[in-house]
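Breakdown of the fold
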Amino acid sequence: MSTPAPVAVLGVGMHPWGKWGRNFVEYGRVAAQAALADAGVDWADVDFVAGADTMRNGYPGYVSGATFAQALGWNGARVASCYAACASGSTALEAARTRILAGLSDIALVVGADTTPKGFLAPNAGDRPDDPDWLRFRLIGATNPTYFALYARRRMDLWGATDEDFAAIKVKNARNGLANPNARYRKEVTVEEVLASPMVASPLRLLEICATSDGAAAVVLASEAAARRLTTDPVTVRAVSTVTPSYPNVVPDLPDIAADSAIAVPAPDVTFKASIAAAAYEERERARVSRTEGASGGSGDGREGDAGAPGHPCGRGDPGPA
Amino acid sequence: MPAPAPALGAEGWFTTEPEPALLGHRCPACGTVAFPRPALGCPNPGCASDELEPTPLSRRGRIWSYTDACYQPPSPYVPPTDEHLPFCIAAVELPGERLIVLGQVVAGVTVDELTVGQEVELVVDVLFTDDEAEHQVWKWQPVEAAS
């Protein structure tokens, strides 16, 4: 594979984030119109709409690409609907980017909008014991913060991260929110205020947990050729990472109750979380690596060993160099 | 008193005979182990087997990490008491299977009493009780407190 060409971001828009209690389509349309205005692009010139949301929006959410296109007024654009939980927006962005890079779209609109319950995000109602998301809530009481708290606590116990270290992240995020008129909280907080907030899932406190909010964000993407017509100084997207884990995924992850066993296939050198960032960098580096492949032995993605290690009944051994 | 029964969703996930243990599933072809049972056969992409054999997992393991639930989780969690009592959750690495399994820690243990690397033991305990049954689930118990 060659290094993908950049795609241009022509404009961005948001609906303010908060507890509004209205329909997600309304938020999405506001964000989309703001992004189109920011880009100076007419809706009629958009040829692809990628929609993103989560499971809380019923049928219009299942077909979010078409829902947002209809809300803006049918213009004949192709659509895609993306649901990938917290990665829904990235998935929609990737759908638009790949269609542009395939030469099938000049100007694409990516819209993500959502509504949220009060308090913890929770599974859909009803007894559904074949659903891993339902099982973790029923059998363990494991909320989303549970998983992030496990990662944070392990970092503290093994490598000495402190409560103050984690609080500093919130302080930084709150400061960034000050610059965004659409942010839910436009208020600085101190390390002391973070540490004084109630514990939710030790070591994570209330001010360190994402406040579930209603809102939307939208991006207008364009091919390099279209961007040259419309702007002289575009921001560009060089990589989007939407990778999945490589077996065995040995670190516990939402929504599962257990990780994969490393008893038959050794764990990859890179954990899933680290592989997400690595994949983005690799996308840019791929052309360079492929030029020197004979010397370097591959892309370093930890999957070179798939061709089969001797002595293993499944022909799958060490997934990468130690 | 209602009779004990595995909680909905956890039927066949653990045993109490001869001792409490999680029931994993081992692939006879590649030797990997999975918990809970994968619905569609061996989870190893390098293995084509659809056959999985139930196997009791290690009864003891070491804490990979831990946290607690200071606020009552939303439904489908069923609170065992009227007032929420915070409980701990541990991710425990089983040495024999090189597998990490989450579970509640037995009541009465706080995060201050837990540490990464600590040895814990599997017990079968009450998740909640209603008119139908004493709904059972697996929990982790610090080995020091097991006596």
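Conventions adopted
- Residues numbered from 1 in each chain as written.
- Chains lettered and ligands numbered in written order.
- Predicted model: local features only at pLDDT ≥ 70, side-chain atom pairs only at ≥ 80, totals over all residues.
- Helix = DSSP H or I, 4+ residues; strand = E, 2+ residues; numbered from the N terminus.
- Buried ≥ 20, exposed ≤ 12 C-beta atoms within 10 Å, placed from the backbone.
- Pairing = 2+ DSSP bridges.
- Axes fitted to C-alpha atoms, helices over the stretch in contact; angles between N-to-C directions.
- Contact = placed C-beta atoms within 7 Å.
- Nonpolar A, V, L, I, M, F, W, Y, C, P; charged D, E, K, R; others polar.
- Core = buried A, V, L, I, M, F, W, Y, C linked by C-beta atoms within 7 Å.
- Domains from an automatic or database assignment.

Digging into the overall build of chain A
Across its full length, chain A holds 11 helices and eight strands. A burial count over chain A gives 40% of its 322 residues as buried.

Observations regarding the sheet that holds strand 4 (residues 107-114) of chain A
Residue and element names in this part refer to chain A. Reading across the sheet, the six strands line up as 3-2-4-7-1-8 and stay open at both edges, with mixed pairing between neighbours. In this open sheet, the two edge strands, each paired with only one partner strand, are strand 3 (78-82) and strand 8 (235-237). For this sheet, the mean angle separating the axes of adjacent strands, direction not counted, is 30°. Taken together, the eight bridges between strand 4 and strand 7 (residues 214-222) define a ladder with antiparallel strand orientation. Each bridged residue has a counterpart across the sheet, and for Ala108 the counterpart in strand 7 is Leu221. Where helix 3 (residues 64-72) meets the sheet, it contacts strand 2 (48-52), strand 3 and strand 4, and its direction lies at approximately 120° from that of strand 2. Its contacts with the sheet put helix 4 (residues 88-101) on strand 1 (7-18), strand 2, strand 3, strand 4, strand 7 and strand 8, and the angle it makes with strand 2 is roughly 165°.

Considerations on the interface of chain A and chain B
Contacts between the two partners involve 43 residues from chain A, matched on the other side by 46 residues from chain B. Elements supplying a minimum of two residues to the side of chain A that touches chain B: helix 5 (132-140), helix 6 (144-159) and strand 5 (199-201) of chain A. By residue class, the composition of the side of chain A that touches chain B is 29 nonpolar, seven polar and seven charged.

Considering the pairing of strand 6 (residues 60-69) of chain B
Residue and element names in this part refer to chain B. Taken across its 10 residues, strand 6 has eight buried, putting it largely inside the fold. As paired strands, strand 6 and strand 9 (residues 119-129) are joined by three bridges and run antiparallel to one another. When the bridges of strand 9 are listed, Arg60 appears paired with Glu121. With seven bridges connecting them, strand 6 and strand 7 (residues 87-94) associate as antiparallel partners. If you follow Arg62 over to strand 7, its bridge partner there is Glu93.

Considerations on the nonpolar core
Ranked by size, the top nonpolar core spans 63 residues in total, and within it B:Cys88, B:Ile89, B:Ala90, B:Val92, B:Ile100 and B:Val101 carry the most contacts. A total of seven residues in this core trace back to one element, the largest contributor, which is strand 7 of chain B. Each of two domains, domain 2 (132-208) and domain 3 (241-322) of chain A, supplies a minimum of three residues to this core. Beyond its immediate chain neighbours, meaning those up to four positions away, B:Val92 contacts B:Gly61, B:Arg62, B:Ile63, B:Trp64, B:Ile100, B:Val101, B:Gly103, B:Val120 and B:Trp140. Within the second largest apolar cluster, 46 residues are counted, among which are A:Leu10, A:Ala35, A:Ala80 and A:Ala226.

Digging into the environment of A:Pro129
The residue A:Pro129 is located in the loop between strand 4 and helix 5 in this model. Residues in contact with A:Pro129, not counting those within four places in the same chain, are A:Trp134, A:Leu135, B:Leu8 and B:Gly9.

So, helix 5 of chain A
A large share of helix 5 of chain A lies buried, amounting to eight of its nine residues. The complete set of buried residues in helix 5 of chain A reads A:Asp133, A:Trp134, A:Leu135, A:Arg136, A:Phe137, A:Arg138, A:Leu139 and A:Ile140. Packed against the buried residues of helix 5 of chain A are strand 7, strand 8 (99-105), strand 9 and strand 10 (134-142) of chain B. Directly beyond the C-terminal end of helix 5 of chain A, a positive phi value near 75° is found at A:Gly141.

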